[in-house]
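# Fold and geometry: a report
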Amino acid sequence: MDEVIRPGEVWLIGAGPGDPDLLTRKAERLLQAASVVFHDALVGPGVLALIPESARRVPVGKRSGRHSKDQNAINALLVEAALDGERVVRLKGGDPSMFGRSTEEIAALGAAGIRTHICPGITAASAAAASAGISLSLRGLARRVQFVTAHLRAGEPLTLDWAALADPGCTTAFYMGRSAAGEISRQLIAAGLNGATPVLVAADISLPGEQLLHTRLDLLPIAANALAEGKPTLILVGDAVASGSRQTVAALAERCR
C-alpha cells in the first residue's frame, strides 16, 4: 500500500462535497497510503475518519473570516514534507481543480523538483444537482453550464461580467455565494435576467444537515439569509433548476422538443 504514494511525492486529492461515500476509490487508497495529510476546513468529518491513525493530520483549512494559514504557508508546508521524504496528501474539499488553488501549490512543488499528481473529486455543483434531483443542463433550456466563485477578500467588490452571466440559456453555479447573494440577485436582474428565474440555494451539500431551498432570483437574498451563517453555500441559477420533481422535469423536456 505504501507504494501507492512514493516517498517525496504529493497527491492533491478531491474530498468531494463531504459524504465519504462520494469519495473515489482511488482517493480512499491514496489516503490509506499517506504519511501526512494536509486538509481543508471544509472536508467532511466522514472523509477525515478515513485517514489512518498512522498518518499525521495537519489542518490548513480556510473558512471565510477564519483563515488559519495563507497560501504561501501551505505551499511551504507541502514542500517541506515532500523534501523530508513523506508520502504527502493535500486533501481539498470538492475538486482540486475547481476553485481549489491547485495551480499555486503545483507550481511551488514543481519549483522544488517535487512530483505532484491530482485525484479529482465531485464538485459541489454536481453534488447539489444530484441531491435536488435536477440536471445542470437541459436540452432547449440550458445548453451551457458556467462556474463562478463569489468569494472575495473583505472589502473587495464582486467584479464579474454580469452581462455574460445573465444568460437565460445557461445554468450558473456561484460557489461560496451566501454573503454575495444580494449582489448576485441585483446584478443579474440589472443585466436583464428575469427576476422569476429559478434558483437553488444549497448548504452542507451531501451531509446529514444538508439544506436545499428552491426560490427565484429576486428572492435570493431572503433565501440565502435563511441558511445558518457560516455554512458553505452554493447558488444555482437558471431555468433547469426549476424543480427536482420528475413531473416538472418531464414537462420541461417535453416543452423543449
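Computed from a predicted model, the values in this text were never measured in an experiment. Every chain begins its residue count from 1, and numbering advances along the sequence as written. Since the coordinates come from a predicted model, pLDDT governs what is reported: local features require at least 70, and pairs of side-chain atoms require 80 or more to be given and counted, while whole-chain, interface and lining totals use all residues. The side-chain figures draw on all heavy atoms in the structure; neither hydrogens nor water molecules are used.

### Regarding the overall build of the protein chain
Applied cut-off: Strands are runs of DSSP state E lasting at least two residues, helices are runs of H or I lasting at least four, and both sets are numbered from the N terminus onward. Residues are treated as being in contact if the distance between any of their heavy atoms lies within 4.5 Å. All accessible areas in this document rest on Shrake-Rupley with a 1.4 Å probe, and a residue is counted as covered only by the protein chains that are shown.
The helix and strand tally for the protein chain stands at 9 helices and 12 strands. A separation threshold of at least 6 residues defines the contact pool for the protein chain, and within that pool the share at least 24 residues apart is 70%. Carbon and sulfur atoms provide 52% of the accessible area of the protein chain, an area that totals close to 12,400 Å².

### Let's talk about the sheet that holds strand β6 (residues 88-92)
To keep things clear, this is the line we draw: Strand pairing is defined by DSSP finding a minimum of two bridges between the two strands. A fitted line through C-alpha atoms represents every axis, and for helices the fit uses only the stretch in contact; the resulting angles, taken between N-to-C directions, go from 0 to 180 degrees.
Taking strand neighbours across the sheet as the criterion, the 5 strands line up as β3-β2-β6-β1-β7 in an open arrangement whose pairing is parallel. One side of each edge strand has no neighbouring strand; the edge strands of this open sheet are β3 (56-59) and β7 (116-119). Geometrically, the sheet is characterised by an average inter-axis angle of 20° between neighbouring strands, direction not taken into account. Of the strand pairs in this sheet, strand β2 (residues 36-39) and β6 are connected by 4 bridges, and their pairing is parallel. Within the sheet, the bridge partner assigned to Phe38 lies in β6 and is Arg90. Contacting β1 (10-14), β2, β6 and β7, helix α1 (residues 25-33) runs over the sheet at an angle of about 135° to β1.

### Re the nonpolar core
The tendency in soluble globular proteins is for nonpolar side chains to be buried side by side. This is how the line gets drawn: To qualify as a nonpolar core, a set must consist of buried Ala, Val, Leu, Ile, Met, Phe, Trp, Tyr and Cys residues joined through side-chain atoms within 4.5 Å. Only protein chains enter the accessibility calculation, which uses a 1.4 Å probe; a residue is then buried when its area is under 20% of its type maximum, exposed when over 50%, and partly exposed in between.
Within the largest apolar cluster, 22 residues are counted, with the highest numbers of intra-cluster contacts made by Phe174, Ile184, Leu188, Leu220, Ile235 and Val237. Listing elements by their share of this core, those giving two or more residues are α6 (162-165), α7 (181-190), β10 (198-203), α8 (220-225) and β12 (233-237). Beyond its immediate stretch of four places on either side in the chain, Ile235 contacts Thr172, Ala173, Phe174, Gly177, Arg178, Ala181, Ile184, Val199, Leu200 and Leu220. In terms of nonpolar packing, the next biggest core, distinct from the first, is built from 19 residues, Ala15, Ala27, Ala34 and Val89 among them.

### Some points on the sheet that holds strand β8 (residues 144-149)
Judged by pairing direction, the sheet is mixed, and its 5 strands sit side by side in the order β8-β9-β12-β10-β11 without closing on themselves. Looking at strand neighbours, the two that pair on one side only are β8 and β11 (211-216), the edges of this open sheet. Ignoring which end each strand starts from, the neighbouring axes of this sheet average 15° apart. For β8 and strand β9 (residues 170-175), the ladder comprises 6 bridges, and the chain directions are parallel.

### Quick notes on the confidence of the model for the protein chain
The line we're drawing: Confidence scores labelled pLDDT are given residue by residue by the predictor and lie between 0 and 100.
Per-residue confidence for the protein chain gives a mean pLDDT of 89, with 88% of residues at or over 70. When the elements of the protein chain are averaged for pLDDT, helix α9 (residues 246-255) gives the smallest value, 44, and β1 the largest, 98. pLDDT under 50 marks residues 245-253. Its contacts with residues more than four places away, or in other chains, come to 7 contacts.

### Remarks on α7
Note the following rule: Directions drawn from the helix axis to the C-beta atoms are what define this arc.
Taken as a whole, α7 has its buried residues at Ala181, Gly182, Ile184, Ser185 and Leu188. Take α7 and look down its axis: the buried residues cluster within an arc of 165°, on one side only. For α7, the exposed residues lying more than 90 degrees away from the buried face are Arg186 and Ala190. In this structure, the buried side of α7 is in contact with α6, β9, α8 and β12.

### As for a nonpolar patch on the surface
Operational definition: Patch membership needs two things, relative accessible area over 30% and no salt bridge, and members are linked within 9 Å if like-charged or within 5 Å if nonpolar (Val, Leu, Ile, Met, Phe, Trp, Tyr). A carboxyl oxygen of Asp or Glu within 4 Å of a side-chain nitrogen of Lys or Arg is what we treat as a salt bridge.
Together, Phe99, Phe147 and Met176 make up an exposed nonpolar region whose accessible area comes to about 250 Å². Mapped onto the fold, Met176 is located in the loop between β9 and α7. Note on Met176: relative accessible area 38%, which makes it partly exposed.

### Describing α1
Among the residues of α1, Ala27, Leu30, Leu31 and Ala33 are the ones counted as buried. What you see down the axis of α1 is that its buried residues fit within an arc of 165°, all on one side. The elements touched by buried residues of α1 are β1, β2, α2 (45-48), β6 and β7.

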